[in-house]
Amino acid sequence: MRAVGSVSPILLVGPSWVGDMVMAASLVEVLRLREPGRPVDVLAPPSALPIARLIPGVRRTIPLGLGHGELGLVERWRVGRALKGEGYGKAIILPRAFKAAIAPFAAGIPERVGYRGEGRSPLLTDARSDRARKTARTLDRFVALGMPKGSTTAPPPRPRLMLPDGTMDAANAKFPLAGEGPVLALCPGAEYGSSKRWPAEKYAALARAAVAQGYRVRAMGGPKDAPVAEIIAAESGVPIDNLAGRTNLIEVAALIAQCDVVVTNDSGLMHVASAFDRRLVAVYGSSSEKMTPPTSPFARIVSRELSCRPCMKRECPLGTLACLEAISPDEVMGAVAQLRP
């Protein structure tokens, strides 16, 4: 898709994490406001690309056939060369890795903006300092790349997602839920690692309490979350509609968008729920609610202030998981009660 007239499109090199792609929606909205009519395309791995298709203002999504953590230097160069004739005037590169800057460089895009890191500055035309990486909100760091260097702005727009027409109806027809009463979604997974996952037995106890209060409970997640969702369903002793591993990402987004309350770890699905302004309770362990908070006005955060937290580790370095073990099902259910419609 070549540029029309003098309007050159922007290539956004997106993240592989689902939650980060949701937060990138704020950047796309800022670009739409600052440069109306300028197309934005997203290049990203398959894991997050379905979310990119739900971001208002994204014209086209381009798959990068590499998973999270794959180097794939030759493939990235090949993808970039294939984009050389597309007329992109600017690339904004959200991941900090060296490899993420290869495709825009190979495509010969004249303006390439990203944060310095891993010695990749020679591949960028606008290499920016990332001093605030460990303290600033990820969303704000993303949005800053769409602004002139050194500029200050009002708080950025909250991330929003938009489902295609008919998506909700199709999801409901494929995954009908019997009974009456409000729907509570449990999202017990976190792709990052175990240090972000509230224990399964606590989710099971929460499910029992929720059913006792009239909720219909659904478990949501991807294939990797299916085993823990099965444990929750078995240990709870109450009816749970376990959809973990049965839905694709668009289907789970459509179902979450209709739930009354969502209880979730700090995960991609937390950000999906937040982007649909769901009432949600977010349980934080090793990560920081200051850096990756839900932006829904109806969100409640449950966490513990400990000297070892946030450690940002995938697994608890102390082997105790104290930051999550200290959070009780009663406390989370209390937060749910505050949000009940």
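Residues numbered from 1 in each chain as written. Predicted model: local features only at pLDDT ≥ 70, side-chain atom pairs only at ≥ 80, totals over all residues. Heavy atoms only, no water.

Novice: Talk me through the overall build of the chain; I want residue IDs and the actual numbers.
Specialist: Looking only at helices and strands, the chain has 12 helices and 12 strands in total. Each principal axis of the C-alpha distribution contributes one length, and for the chain these read about 60 × 45 × 40 Å. Residues counted as buried form 55% of the 341 residues belonging to the chain. In the structure as shown, the chain presents an accessible area of about 14,700 Å², 54% of it carried by carbon and sulfur atoms. When the 44 basic and 31 acidic side-chain charges of the chain are each reduced to a single mean position, those positions are 7 Å apart. (Helix = DSSP H or I, 4+ residues; strand = E, 2+ residues; numbered from the N terminus. Buried < 20%, exposed > 50% of the residue type's maximum accessible area, 1.4 Å probe, protein only. Areas by Shrake-Rupley, 256 points an atom, 1.4 Å probe, with all protein chains shown as cover. Lys, Arg positive; Asp, Glu negative; His and termini not counted. Charge placed at Lys NZ, Arg CZ, Asp CG, Glu CD.)

Novice: So what's going on with unusual backbone geometry? Residues and values would help.
Specialist: A negative phi angle is the norm for most residues apart from glycine, just as the trans form is the norm for most peptide bonds. Look at the link from Arg309 to Pro310: it is a cis peptide, with omega at 0°. Its place among the elements puts Pro310 in the loop between strand 12 (299-302) and helix 11 (322-325). Phi angles above zero are rare outside glycine, and Glu118 is one such case at about 55°. Inspection of the secondary structure assignment puts Glu118 in the loop between strand 5 (111-115) and strand 6 (126-128). Exposure remark for Glu118: the relative accessible area of 59% places this residue in the exposed category. Unlike most non-glycine residues, Leu321 shows phi in positive territory, near 55°. A relative accessible area of 18% means that Leu321 is categorised as buried.

Novice: Mind laying out the packing of helix 7 (residues 200-212) against helix 8 (residues 226-236), listing which residues take part and the relevant values?
Specialist: In a pair of packed helices, the angle between the axes and the distance between the axes together describe the arrangement. Packing of helix 7 against helix 8 leaves a shortest axis separation of 8 Å and a crossing angle of 50°. Regarding the angle of helix 7 to helix 8, the classification is oblique. For the pair helix 7 and helix 8, the sense of crossing is right-handed. Between helix 7 and helix 8, the residues in contact are Ala200, Glu201, Tyr203, Ala204, Ala207 and Arg208 and Val228, Ile231, Ile232, Glu235 and Ser236, respectively. (Axes fitted to C-alpha atoms, helices over the stretch in contact; angles between N-to-C directions. Parallel < 35°, antiparallel > 145°, perpendicular 65-115°, else oblique. Left-handed = near helix turned anticlockwise from the far one by under 90°. Contact = heavy atoms within 4.5 Å.)

Novice: Quick rundown of the environment of Leu145? Include the residues and the values.
Specialist: Its place among the elements puts Leu145 in the loop between helix 5 (138-144) and helix 6 (167-174). According to the relative accessible area criterion, Leu145 is buried, its value standing at 1%. Remark: the alpha-carbon pair of Leu145 and Ala282, spanning 137 residues in sequence, is separated by 27 Å. Leave out the neighbours within four places in its chain, and Leu145 touches Ile92, Ile93, Leu94, Val113, Gly114, Tyr115 and Arg128.

Novice: Quick one: what's the story with the pattern of salt bridges, residue by residue and with numbers?
Specialist: Between side chains of opposite charge, a pair can form as their charged atoms come close. Overall, the coordinates contain 19 salt bridges when judged by the stated rule. Residue Arg38 is joined to Glu35 by a salt bridge in which the shortest nitrogen-to-oxygen separation is 2.6 Å. A salt bridge links Arg141 to Asp130, with the nearest nitrogen and oxygen atoms 2.8 Å apart. With Arg141 in helix 5 and Asp130 in the loop between strand 6 and helix 5, this residue pair connects regions lying 11 residues apart in the sequence. According to the relative accessible area criterion, Arg141 is buried, its value standing at 10%. We classify Asp130 as buried; its relative accessible area is 13%. Several salt bridges converge on common partners, so that one network encompasses Glu35, Arg38 and Lys90. (Salt bridge = Lys/Arg side-chain N within 4 Å of Asp/Glu carboxyl O.)

Novice: Can you break down the confidence of the model for the chain residue by residue, with the values?
Specialist: Low pLDDT means the predicted coordinates in that region are not meant to be read closely. Residue-level pLDDT values for the chain average 94, and 97% of them are 70 or greater. Throughout residues 1-5 the model reports pLDDT below 50, and contacts reaching past four residues in sequence, or to other chains, amount to 9 contacts. (pLDDT = per-residue confidence, 0-100.)

Novice: How would you explain the sheet that holds strand 3 (residues 58-63) if you had to name every residue and give the values?
Specialist: Taking strand neighbours across the sheet as the criterion, the 6 strands line up as 3-2-1-4-5-6 in an open arrangement whose pairing is parallel. If you trace the sheet from one side to the other, it starts and ends with strand 3 and strand 6, each paired once. The mean inter-strand angle of the sheet, taken between neighbouring strand axes irrespective of direction, is 15°. Relative to strand 5, strand 4 (residues 90-93) runs parallel, the two being bridged by 4 bridges. Residue pairing in the sheet places Ile92 in a bridge with Val113 of strand 5. (Pairing = 2+ DSSP bridges.)

Novice: Before we move on, can you summarise the packing of aromatic side chains with the specific residues and values?
Specialist: Within the structure shown, the criterion is met by 3 aromatic pairs. Between Trp198 and Tyr203, the ring centres sit 4.9 Å apart and the planes meet at 75°, which makes this aromatic pair edge-to-face. Take Trp198 and Tyr203: they sit in the same class, and that class is buried. It is Arg279 that lies over the ring of Phe298; its NZ or CZ is 5.7 Å from the centre. A cation sits over an aromatic face here: Arg314 above Tyr192, 4.6 Å from the ring centre. (Phe/Tyr/Trp six-rings, centres within 6.5 Å; stacked < 30°, edge-to-face > 60°. Lys NZ or Arg CZ within 6 Å of the ring centre and 35° of its normal.)

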